[in-house]
Each structure stands twice: as structure tokens, then as C-alpha cells.
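Letter by letter, the chains look like this.
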Amino acid sequence: EAGVTQFPSHSVIEKGQTVTLRCDPISGHDNLYWYRRVMGKEIKFLLHFVKESKQDESGMPNNRFLAERTGGTYSTLKVQPAELEDSGVYFCASSRLLGGTGELFFGEGSRLTVL
Amino acid sequence: DQQVKQNSPSLSVQEGRISILNCDYTNSMFDYFLWYKKYPAEGPTFLISISSIKDKNEDGRFTVFLNKSAKHLSLHIVPSQPGDSAVYFCALKTSYDKVIFGPGTSLSVIP
């Protein structure tokens, strides 16, 4: 069974440009999460999908960030326009069950550098 | 407002000794408490969890303790091994499946 995959692994863009990160969760996992880690600090919650619906998007920093999950499968996170403070590692995670133990399966992350 | 705190950014332990990592949280809305381990350039991986109705869960060398009245969680690793060197994150799950993470503690196990 394939794990959570994220693309690209690293993206370098200039301030004001647009970047789209993609996450393919483990097949059959209804829960999909996006997190961000900045400067080696905490893994900050951004949002949580259940299938194609946004269950909780309270961690999204502002309206420059847009997350979608088409048909309840893969998800994209678009940053437009990117700012310097958006730099960090964006992790995607998935889990199968609602009401489970909280065991999430993480991808390796997409490192975003905004110059 | 930081709901999850790990007050020790780093910890150094001799191989074979016990490693104790601590985590404090600020409210009671969580139904599961977890520990994740992260190596450089990799995503976090699940290590062990405990339900809010229990106070201890053990899995091999890893034991998690929960003190709900003190809002305190700890992870004991015994005996510690060099391969345990990693960043350990405390994580808390709500009944709505939101999972939030602490800032992490970097553990170094010295051979």
C-alpha cells in the first residue's frame, strides 16, 4: 500500500508568485490534514478535510491560502500571492477512521522557500 | 494561544538509561493523546497513543502516562538507544478528529 505522497518536495519561488502543493493520501483514508512547520518549530494545524468537505479550517493563516480536495481523493494547497513568511515545510497527513485514535500517516513534506 | 506545551526543547540521555519527555496542555477537550517521532527530512511517524480514560499505555520500550487532573502527558523510553535520537512531538486529538501538535523535544541518545 502506497503511503502519503506530496509534490513537489521543494519549491523555491519569489514573493508575489503562486505555488500549488499537492497531496495524495493513502487510498481509502477519509481524513486529510494539512500542517505547516516553520523554522523547525511546532507543527501547526492548517485544516482538516473529511472526504471532500472542510471539517475545520481554523488554522488557515489568511485568504491567500486555498485548499481543495477534489472528489474526496487528492488535495491541493495553493498560496497566492506568496509572502516571505509563508516559507516552511508543509505536511499532509491522512487517516482512515472518523473518531479513531488520532494515528495520522504523514507525507515527507513539501518545503516552500519564498525569496 | 498555545494549547500544547513541551517545555524542554532538547534532552540528552546516555544509551541504556531512561528518557522522559513531558507535555502539558491547557484544556480538557481531547479524547486521545499521542506521541510522534520525527527524523530530519522525513514526516512525523506515530509512536504510541493513550485514551483519555486511561492513565498508562505500554508498547515495548515505550510507555505513555496521562495525568488528566494535572493536564500532563509523558513518554518514557527505557532503555534508550541511539536510534531513538529524533524530535518527539506530543499531539492531542479532539472528538472531531482535529489533531494538534506541541513544539517538539529533540532527544539525543549518546552511545
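Cut-offs applied
- Residues numbered from 1 in each chain as written.
- Chains lettered and ligands numbered in written order.
- Predicted model: local features only at pLDDT ≥ 70, side-chain atom pairs only at ≥ 80, totals over all residues.
- Heavy atoms only, no water.
- Helix = DSSP H or I, 4+ residues; strand = E, 2+ residues; numbered from the N terminus.
- Rg over C-alpha atoms; globule rule 2.2 N^0.38 Å.
- 1 Å grid on protein atoms, 1.4 Å probe; cavity = no way out; pocket = protein on both sides within 12 Å on 5 of 7 lines; lining within 4 Å.
- Points joined across faces, edges and corners; volume = space filled by probe spheres on them.
- Nonpolar A, V, L, I, M, F, W, Y, C, P; charged D, E, K, R; others polar.
- Phe/Tyr/Trp six-rings, centres within 6.5 Å; stacked < 30°, edge-to-face > 60°.
- Buried < 20%, exposed > 50% of the residue type's maximum accessible area, 1.4 Å probe, protein only.
- Patch = residues over 30% accessible without salt bridge, like charges linked within 9 Å, V, L, I, M, F, W, Y side chains within 5 Å.
- Areas by Shrake-Rupley, 256 points an atom, 1.4 Å probe, with all protein chains shown as cover.
- Salt bridge = Lys/Arg side-chain N within 4 Å of Asp/Glu carboxyl O.
- Pairing = 2+ DSSP bridges.

Draft legend 1. Region of the structure containing the overall build of chain B. Counting secondary structure elements, chain B contains zero helices and eleven strands. In chain B, the succession of α and β elements from N to C terminus is β-β-β-β-β-β-β-β-β-β-β. Whereas a compact globule of 111 residues would reach a radius of gyration of roughly 13 Å, chain B reaches 13 Å, a difference of no more than 12%. Principal-axis analysis of the C-alpha atoms places the extent of chain B at approximately 40 × 30 × 20 Å.

Draft legend 2. How the structure looks around the layout of surface pockets. Considered as a void within the structure, the largest pocket measures approximately 350 Å³ in volume. Listed by contribution, the elements that provide at least two residues to the lining of the largest pocket are strand E9 (88-95) and strand E11 (110-114) of chain A together with strand E9 (86-94) of chain B. The dominant element in the lining of the largest pocket, judged by the number of residues it contributes, is E9 of chain A, at three residues. Residues of the lining of the largest pocket, tallied by class, amount to nine nonpolar, six polar and five charged.

Draft legend 3. Just the packing of aromatic side chains, in detail. Taken as a whole, this structure holds 14 aromatic pairs over all chains when the rule is applied. Taken together, a centroid distance of 5.8 Å and an interplanar angle of 80° make the contact between Phe106 of chain A and Phe101 of chain B edge-to-face. In this pair, Phe106 of chain A sits in strand E10 (residues 105-106) while Phe101 of chain B sits in strand E10 (residues 99-101), so the two residues belong to two different chains. Accessibility classification places Phe106 of chain A together with Phe101 of chain B in one group, the buried group. An aromatic cluster is built from Tyr33, Tyr35, Phe45, Phe91 and Phe106 of chain A together with Tyr36, Phe46, Phe89 and Phe101 of chain B, whose rings are joined through pairwise contacts.

Draft legend 4. Spotlight on a nonpolar patch on the surface. There is a patch of nonpolar side chains on the surface, built from Ile18, Ile20 and Val78 of chain B and spanning about 230 Å² of accessible area. Residue position: Ile18 of chain B is located in the loop between strand E2 (10-14) and strand E3 (19-25).

Draft legend 5. Focus on the sheet that holds strand E7 (residues 62-67) of chain B. Residue and element names in this part refer to chain B. Judged by pairing direction, the sheet is antiparallel, and its five strands sit side by side in the order E1-E3-E8-E7-E6 without closing on themselves. With one partner strand each, in any of the chains shown, strand E1 (4-5) and strand E6 (56-59) form the two edges of the open sheet. With six bridges joining them, E3 and strand E8 (residues 72-77) adopt antiparallel strand pairing. Considered in E8, the bridge of Leu21 is made with Leu75.

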